[in-house]
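# Notes for the structure review
What follows is the residue order along each chain.
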Amino acid sequence: MKKIKLDIVGLSYSQTQSGAYALVLGEVSGRRRLPIIIGGFEAQAIAIEIEKMTPSRPLTHDLFKSFAQNYHIDVQEVIIYNLVDGIFYAKLMCSDGKKTTEIDARTSDAIALAVRFECPIYTYEFILASAGIVIEGNDFVFLENIDAPAAEEKTPPAAPVTESYTSLTIDELRDKLVHAIAEEAYEKAARIRDELSRRKSS
């Protein structure tokens, strides 16, 4: 199966899930985007490395990198290889120079490691075809609202009210999808896409 290379093109607060973030991956040679909802810790881990910030103590992903390098193991690539019931599955392709090993990982952790090892991120056509969003316009990069890691005792902000799409027609959903993409509201677009996919499969 042919692999499609992805880049990180966006990371911002989730508009619907408290403490969650929307990570947007973009097709390197195309205009499709793959929105993935990830946790706050993983979002911070990705943003800190992209922005080349140095935490006072190593994060879990930094520890993994140091451990791997001390034993001469390199992460050569990350592959998002499956999508089941809205959950993305990823694996790390690791090598010690003699043997290549696949390690299963959460997609958010895999991408946090990909930015640390500076290795490529790939997926397959069937995943982009089913979960990707096509956009118009030029490529962009945005990293919004990624603060220093929050203390555990802080109370997370209340989750905003989630807009329901179950009462809308397919044409209305498609219209909202176009508007969401135009506004670069990829997390909202992902929810509309999921509702359209649910209608098609039912």
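Residues numbered from 1 in each chain as written. Predicted model: local features only at pLDDT ≥ 70, side-chain atom pairs only at ≥ 80, totals over all residues. Heavy atoms only, no water.

Looking up the protein in an unreviewed UniProt entry gives the name BFN domain-containing protein, with the organism given as Hufsiella ginkgonis.

## A short note on the pairing of strand 7 (residues 121–124)
Residues of strand 7 alternate between two faces, with I121 and T123 on one and Y122 and Y124 on the opposite face, all of them buried. Pairing between strand 1 (residues 3–13) and strand 7: four bridges, direction antiparallel. What sits directly across from K5, in strand 7, is Y122. Pairing between strand 4 (residues 74–84) and strand 7: three bridges, direction parallel. (Buried < 20%, exposed > 50% of the residue type's maximum accessible area, 1.4 Å probe, protein only. Helix = DSSP H or I, 4+ residues; strand = E, 2+ residues; numbered from the N terminus. Pairing = 2+ DSSP bridges.)

## Side note on the pairing of strand 6 (residues 100–106)
One ladder, built from seven bridges, connects strand 5 (residues 87–95) with strand 6; its direction is antiparallel. Within strand 6, the position partnered with L92 by the bridge is I103. The loop that links strand 5 with its antiparallel partner strand 6 comprises four residues; one of these, G97, has a positive phi angle of about 95 degrees.

## Observations concerning the environment of D7
Residue placement: D7 occurs in strand 1. As a C-alpha pair, D7 and V24 span 17 residues in sequence and 8.6 Å in three-dimensional space.

## Focus on the nonpolar core
Grouped burial of nonpolar side chains is what soluble globular proteins tend to show. Judged by nonpolar contacts, the single largest core of 35 residues is most densely connected at L11, L25, L34, I38, I80 and L92. Of all the secondary-structure elements, those providing two or more residues to this core are strand 1, strand 2 (20–27), strand 3 (32–39), helix 1 (40–50), strand 4, strand 5, helix 3 (107–117) and helix 4 (125–131). Per-element accounting of this core gives the leading share, six residues, to helix 3. Residues in contact with L34, not counting those within four places in the same chain, are L6, L23, V24, L25, F88, I127, L128, A131 and G132. If you look at the next biggest cluster of nonpolar residues, it comprises nine residues, including Y165, L168, A180 and I192. (Core = buried A, V, L, I, M, F, W, Y, C linked by side-chain atoms within 4.5 Å. Contact = heavy atoms within 4.5 Å.)

## Some remarks on the confidence of the model for the protein
Detailed reading of the predicted model is not advised wherever pLDDT is low. Summarising the model, the protein shows a mean pLDDT of 80, and 79% of its residues fall at 70 or more. Within the model, pLDDT remains below 50 along residues 138–162, and this stretch shows 39 contacts once partners closer than five positions in the same chain are excluded. (pLDDT = per-residue confidence, 0-100.)

## Considerations on the packing of helix 1 against helix 3
Packing of helix 1 against helix 3 leaves a shortest axis separation of 9 Å and a crossing angle of 10 degrees. Taken together, the axes of helix 1 and helix 3 are roughly parallel relative to one another. Note on packing geometry: the crossing formed by helix 1 with helix 3 is left-handed. Residues E42, A45, I46, E49 and I50 of helix 1 lie in contact with helix 3, whose contacting residues are S108, D109, I111, A112, V115 and R116. (Axes fitted to C-alpha atoms, helices over the stretch in contact; angles between N-to-C directions. Parallel < 35°, antiparallel > 145°, perpendicular 65-115°, else oblique. Left-handed = near helix turned anticlockwise from the far one by under 90°.)

## A look at the packing of aromatic side chains
Aromatic ring pairs are described here by two measures, namely the spacing of the ring centres and the angle between the planes. All told, the structure shown has three aromatic pairs when counted by the stated rule. With a centroid separation of 5.1 Å and an interplanar angle of 40 degrees, the aromatic rings of F67 and Y71 are classed as tilted. For Y71, a relative accessible area of 55% corresponds to the exposed category. Where Y81 meets Y89, the ring centres are 6.4 Å apart and the plane angle is 55 degrees; that geometry is what we call tilted. Here Y89 falls in the partly exposed class, since its relative accessible area comes to 33%. One Lys or Arg, K3, reaches over the ring of Y122 and ends 4.6 Å from the middle of that ring. Across from the ring centre of Y81, 5.1 Å away, lies the NZ or CZ of K91, which sits over that ring. (Phe/Tyr/Trp six-rings, centres within 6.5 Å; stacked < 30°, edge-to-face > 60°. Lys NZ or Arg CZ within 6 Å of the ring centre and 35° of its normal.)

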